[in-house]
Structures are given as structure tokens and as C-alpha cells.
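So you can see what is in the structure, the chains are spelled out below.
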Amino acid sequence: MKKIILSMAFIALLASCQDKTKEKIEDATDAVGTEVEQKIDTLGQKLDTLGNKIDTAADSVKSKTKKAVEKGAEKIEEGAKKVQDAVKK
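(A) A look at the overall build of the chain. Helix and strand counts for the chain come out as one helix and zero strands. Across the 89 residues of the chain, 0% fall into the buried class. When the accessible surface of the chain is summed, it comes to about 8500 Å², and 62% of that surface belongs to carbon and sulfur atoms.

Here it is, written out as C-alpha cells:
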């Protein structure tokens, strides 16, 4: 009889511990999920910012390159005019 009562008490103890453990696991899972979502959101924002910086840098490079090419073309034209003038003389 003692064995039966002790067995039942042990089973009841395991069952109650199992419920508490499940609750803790669920809470921990929710916390981890929330933290992962926050980190993903933060990473997404950082990637957007980086993308904007890259776009700005690319636009700046394009603008500077265009100006440099235009200046180079002007100098070539000036040189060509000087050569034409020298040939005419």
C-alpha cells in the first residue's frame, strides 16, 4: 500500500514539474523569438542605412567622374584647336 501511495505521489510530482517545465520552455521560446525579431529589425534598418550610404557614394562618384571627363574633353578640344592653329600658320 505504501508503495502504491508513494508511486502515485511520485507520478503526481513528475506531472506537476512537467507542466511547470513546459511553461518555462514556452516563456523562454517566446523571449528568444522576440529577441530574434528585434535583432532582425535592427539589422534590416542598418542594411537600409548602408544601402542609402552606398547610393549616395555612387552618385557622388558618378558626378565627379562626369565633371572630370568634361574637363578632360575641354582640354583635349583646346589642344586640338592649338594644333589646328599651329598647322594653319
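(B) Here's a closer look at a positive patch on the surface. Taken together, the side chains of Lys64, Lys67, Lys71 and Lys75 present a region of like positive charge at the surface. When you line up the elements, Lys67 lands in helix H1 (residues 2–88).

(C) Spotlight on a nonpolar patch on the surface. Together, Leu43, Leu47, Leu50 and Ile54 give the surface a local cluster of nonpolar side chains, amounting to about 400 Å² of exposed area. Mapped onto the elements, Leu50 comes out in helix H1. When its relative accessible area of 46% is taken as the criterion, Leu50 is described as partly exposed.

(D) Region of interest: a negative patch on the surface. There is a patch of like negative charges on the surface, built from Glu23, Glu26, Asp27 and Asp30. Relative to the helices and strands, Glu23 is located in helix H1.

Criteria and thresholds
- Along each chain, the written sequence defines residue order, and numbers are assigned to residues from 1.
- Confidence filtering applies because this is a predicted model: local features only for residues at pLDDT of at least 70, side-chain atom pairs given and counted only at 80 or more, and all residues used for totals across whole chains, interfaces and linings.
- With hydrogens and water set aside, each side-chain value is computed from the structure's full complement of heavy atoms.
- Runs of E in the DSSP output that reach at least two residues are strands. Runs of H or I that reach at least four are helices, and both are numbered from the N terminus.
- Exposure classes here rest on a 1.4 Å probe applied to the protein chains alone. A residue is buried below 20% of its type maximum, exposed above 50%, and partly exposed in between.
- Accessible surface is estimated by sampling points in the Shrake-Rupley manner with a 1.4 Å probe; for residues, cover comes only from the protein chains shown.
- For patch detection, residues must exceed 30% relative accessible area and be free of salt bridges, and they are connected within 9 Å for like charges or within 5 Å for nonpolar side chains (Val, Leu, Ile, Met, Phe, Trp, Tyr).
- Salt bridge criterion: a side-chain nitrogen from Lys or Arg within 4 Å of a carboxyl oxygen from Asp or Glu.
- The charged-residue count follows a simple rule in which Lys and Arg add positive charge and Asp and Glu add negative charge, with His and chain termini not counted at all.
- Taken as the charge location is NZ of Lys, CZ of Arg, CG of Asp or CD of Glu.

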